[in-house]
Amino acid sequence: MIELIPAIDIIEGKCVRLSNGDYASKVVYGDNPVDIAVELQAAGFKRLHVVDLDGAKSKHIVNHHILKEITSKTELTVDFGGGIKTDEDIETAFASGAAMVTVGSIAVTDKPLFRKWIDRYEADRIILGADVRNGKISVNGWKEDSTEDLFSFLQYYIGLGIRNVLCTDISKDGMMGGPAFDLYEEIMRRFPSIHLIASGGISCNQDITRLDALGIPAVVFGKAYYEGKINVSELWDWQRE
């Protein structure tokens, strides 16, 4: 059964969502991310994906204090990403309570450092962030496109032991027009052993059940939840069937 992972994206201490990664499109869904995390736990969720968008833009962790408060006030298993660029950043994330970290840009721009983190922290505590636009990996809060091809990128790091992959189709993110089903299906066809987390474009329960039918292990969603497009009680009923 597909793993359900709600997301909290943080800008200036608030819970927000963007469209296509455009910071100018910011919509605020809550003034206190910690309160939202508590509500998500009460709704039955076990996992949480937290993104420090200030950190992604600044190229270093900014909102680690919010991460620490979330992990101290809930029992959610939290993965944290955004702005993890240095040894100090990743150490800060883990010290603030993250069970896992999501790293994308450094996996492109500083492969030796990322390989060191895989060895030091072990691959099961690291999620490879594969944010893709037109088949290429994007970096630094989606503000820059690299020359890295998605499938070559995945092949390289899977060869080094990575199993957790968060793939976001940037063109779908925040648009609630449905996820990139074909892309995720192709990733699983090529790399059936990975724990793929599909992200971007979720618009309703049916998108989630379709991803499950395709064999996608996990899904991240945000905007659809905050706008009431996802019926949580129906999701739990479906998972119990």
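Caption draft 1: Inspection of the environment of Ile170 at higher detail. Turning to its location among the elements, Ile170 is positioned in the loop between strand E10 (164–169) and helix H8 (181–190). For Ile170, a relative accessible area of 1% corresponds to the buried category. Linking Ile170 and Arg240, residues 70 residues apart in sequence, is a C-alpha distance of 32 Å.

Caption draft 2: Structural detail: the nonpolar core. Core analysis: the largest hydrophobic core is formed by 74 residues, its most contacted members being Phe114, Trp117, Leu154, Tyr184, Ile187 and Ile208. Element by element, the count of residues in this core is highest for helix H7 (residues 150–158), at six residues. The residues contacting Trp117, other than those within four sequence positions of it, are Ile84, Lys85, Thr86, Asp87, Ile90, Val103, Ile106, Glu122 and Ile126. Counting eight residues, the second largest nonpolar core, distinct from the first, contains Ile5, Ala7, Leu166 and Val220.

Caption draft 3: View of the pattern of salt bridges. Going through the model one piece at a time under the given rule, you end up with 13 salt bridges. Across the pair Arg47 and Glu3 runs a salt bridge, and its minimum N-O distance is 3.1 Å. Remark: Glu3 occurs in strand E1 (residues 3–11) and Arg47 occurs in strand E4 (residues 47–52); sequence separation between them is 44 residues. Here Arg47 falls in the buried class, since its relative accessible area comes to 9%. Across the pair Arg120 and Asp87 runs a salt bridge whose closest N-O atoms are separated by 3.9 Å. Pair noted here: Arg120 is in helix H6 (residues 111–121) and Asp87 is in helix H4 (residues 87–95), with a separation of 33 residues, a long-range link. Asp87 sits in the partly exposed class, given a relative accessible area of 24%. A network of salt bridges, in which partner residues are shared, links Asp87, Glu91, Lys116 and Arg120.

Rules of the game
- Residues numbered from 1 in each chain as written.
- Predicted model: local features only at pLDDT ≥ 70, side-chain atom pairs only at ≥ 80, totals over all residues.
- Heavy atoms only, no water.
- Helix = DSSP H or I, 4+ residues; strand = E, 2+ residues; numbered from the N terminus.
- Buried < 20%, exposed > 50% of the residue type's maximum accessible area, 1.4 Å probe, protein only.
- Core = buried A, V, L, I, M, F, W, Y, C linked by side-chain atoms within 4.5 Å.
- Contact = heavy atoms within 4.5 Å.
- Salt bridge = Lys/Arg side-chain N within 4 Å of Asp/Glu carboxyl O.

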